[in-house]
Amino acid sequence: QITINNYIINDETADIVNINAEEITVDSILIFIDDSRINCGQTTTIDEVKDCICSNADIEDGQVITIKIMKAGIDTDGVSTLDIIYTLRHILNIPPFLESHETTACDVNEDGKITTLDALYMRRLILGMITEFPGTHNWIFFKIDELSNSGKDLIETTKMALCNDQLKILAIKKGDINGTATGL
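What counts, and where the lines are drawn
- Residues numbered from 1 in each chain as written.
- Predicted model: local features only at pLDDT ≥ 70, side-chain atom pairs only at ≥ 80, totals over all residues.
- Heavy atoms only, no water.
- Core = buried A, V, L, I, M, F, W, Y, C linked by side-chain atoms within 4.5 Å.
- Buried < 20%, exposed > 50% of the residue type's maximum accessible area, 1.4 Å probe, protein only.
- Helix = DSSP H or I, 4+ residues; strand = E, 2+ residues; numbered from the N terminus.
- Contact = heavy atoms within 4.5 Å.
- Disulfide = S-S within 2.5 Å.
- Salt bridge = Lys/Arg side-chain N within 4 Å of Asp/Glu carboxyl O.
- Lys, Arg positive; Asp, Glu negative; His and termini not counted.
- Arc of directions from axis to C-beta.
- Patch = residues over 30% accessible without salt bridge, like charges linked within 9 Å, V, L, I, M, F, W, Y side chains within 5 Å.
- Areas by Shrake-Rupley, 256 points an atom, 1.4 Å probe, with all protein chains shown as cover.

1. Let's talk about the nonpolar core
Here is step 1 of the chain: Among the nonpolar cores identified, the biggest contains 24 residues, and Ile-16, Ile-29, Ile-53, Ile-69, Phe-141 and Ile-169 are the most heavily contacted of them.
Here is step 2 of the chain: Contributing elements (two or more residues each) for this core: strand S4 (28-33), helix H1 (46-54), strand S6 (64-70), strand S7 (139-143) and strand S9 (169-173).
Here is step 3 of the chain: Looking at which element gives the most residues to this core, the answer is H1, with four residues.
Here is step 4 of the chain: Setting aside residues no more than four positions away along its own chain, Ile-53 makes contact with Ile-31, Ile-38, Ile-59, Ile-65, Lys-159 and Leu-162.

Spelled out as structure tokens, the structure:
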């Protein structure tokens, strides 16, 4: 069991969840071994990835598998004035973010820092002055047990871990610090 935001992620929980432990859907999942793409057809769930990889006798149990998850969506989904307030309070250290998913969601320009520029981008998005955040990621995915993963959209696991249901993924929506995104 792993706790995120006071929610418990356990084996019965979906494989890809948001910070409220609710299942989300993704657009596609690509699978790579040694930079070569593995053809598993159109995969959109970890179960489909698991079925493809676990049934492939040519892939060894300890083989490193890289998974790239992609999800489009509405950039304004989950982004509100409250998120701007949380960002500004964090900058002023009253109180700072305690969870790594909060800082990940807050860094909307993906420069590795939480600044007033992030709050400005959120404000401009809410007001319709921009239609998307800078950078390449609308949703960011992490292995739940490695929230400090710097790859953002590349998740590494092994065949054994995947086949033994040990891969749980957290989806974080950029700009949605308080977890109100619906996943649209």
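2. A short note on the state of the cysteines
Here is step 1 of the chain: Taken as a whole and assessed by the stated rule, the structure comprises two disulfides.
Here is step 2 of the chain: Here Cys-40 connects covalently by a disulfide to Cys-52, the sulfurs 1.8 Å from one another. Disulfide Cys-40 to Cys-52: torsion about the S-S bond roughly -70°, handedness left-handed. Taken together, the residues Cys-40 in the loop between strand S5 (36-38) and H1 and Cys-52 in helix H1 connect sequence positions twelve residues apart. Taken as a pair, Cys-40 and Cys-52 share a single burial class, namely buried.
Here is step 3 of the chain: Paired by a disulfide, Cys-54 and Cys-163 hold their sulfur atoms 1.8 Å apart. Classification of the bridge connecting Cys-54 and Cys-163 rests on its S-S torsion, roughly -115°, and on that basis the disulfide is left-handed.

3. Thoughts on the pattern of salt bridges
Here is step 1 of the chain: Evaluation of the coordinates by the stated rule reveals two salt bridges.
Here is step 2 of the chain: Lys-174 is the salt-bridge partner of Glu-110, the closest N and O atoms lying 3.1 Å from each other. Within this pair, whereas Glu-110 is found in the loop between helix H3 (100-106) and helix H4 (116-126), its partner Lys-174 is found in the segment after S9, the two being separated by 64 residues in sequence.

4. Quick notes on the side chain of Asp-118
Here is step 1 of the chain: The topology assignment puts Asp-118 in helix H4.
Here is step 2 of the chain: No salt bridge is formed by the buried Asp-118; the nearest opposite charge belongs to Lys-174, separated by 8.2 Å.
Here is step 3 of the chain: When sequence neighbours within four positions are dropped, the list of residues in contact with Asp-118 reads Cys-106, Asp-107, Val-108, Asn-109 and Lys-113.

5. Some details on H4
Here is step 1 of the chain: Residues Asp-118, Ala-119, Met-122 and Leu-125 constitute the buried set of H4. Down the axis of H4, the buried set is contained in an arc of 125°. They therefore lie on one face.
Here is step 2 of the chain: Within two residues after H4, Gly-128 carries a phi angle of roughly 80°, on the positive side.

6. What about helix H2 (residues 81-91)?
For an α-helix the count is 3.6 residues per turn, leaving residues at separations of three or four pointing the same way.
Here is step 1 of the chain: Turning to H2, its buried residues are Asp-83, Ile-84, Thr-87 and His-90. For H2, the angular spread of buried residues about the axis comes to 125°, placing them on one side.
Here is step 2 of the chain: Those residues of H2 hidden inside the fold are in contact with H3 and H4.
Here is step 3 of the chain: Taken from the residues just after H2, Asn-93 is the one with a positive phi, measuring 65°.

7. Quick word on a nonpolar patch on the surface
Here is step 1 of the chain: On the surface, Leu-82, Ile-85 and Tyr-86 cluster together into a nonpolar patch covering about 240 Å² of accessible area.
Here is step 2 of the chain: Here Tyr-86 shows up in helix H2.

8. Details of unusual backbone geometry
Here is step 1 of the chain: Cis geometry is adopted by the peptide bond preceding Pro-95, which originates at Ile-94 and carries an omega value of -25°.
Here is step 2 of the chain: Position of Pro-95 relative to the elements: it lies in the loop between H2 and H3.
Here is step 3 of the chain: With phi around 55°, Glu-110 is a residue other than glycine that occupies positive phi space.

9. As for the environment of Ile-74
Here is step 1 of the chain: Tracing the backbone through its elements, the reader meets Ile-74 in the loop between S6 and H2.
Here is step 2 of the chain: With relative accessibility at 45%, the residue Ile-74 sits in the partly exposed group.
Here is step 3 of the chain: Measuring from C-alpha to C-alpha, the distance between Ile-74 and Gly-183 comes to 8.3 Å, with 109 residues separating the pair along the chain.

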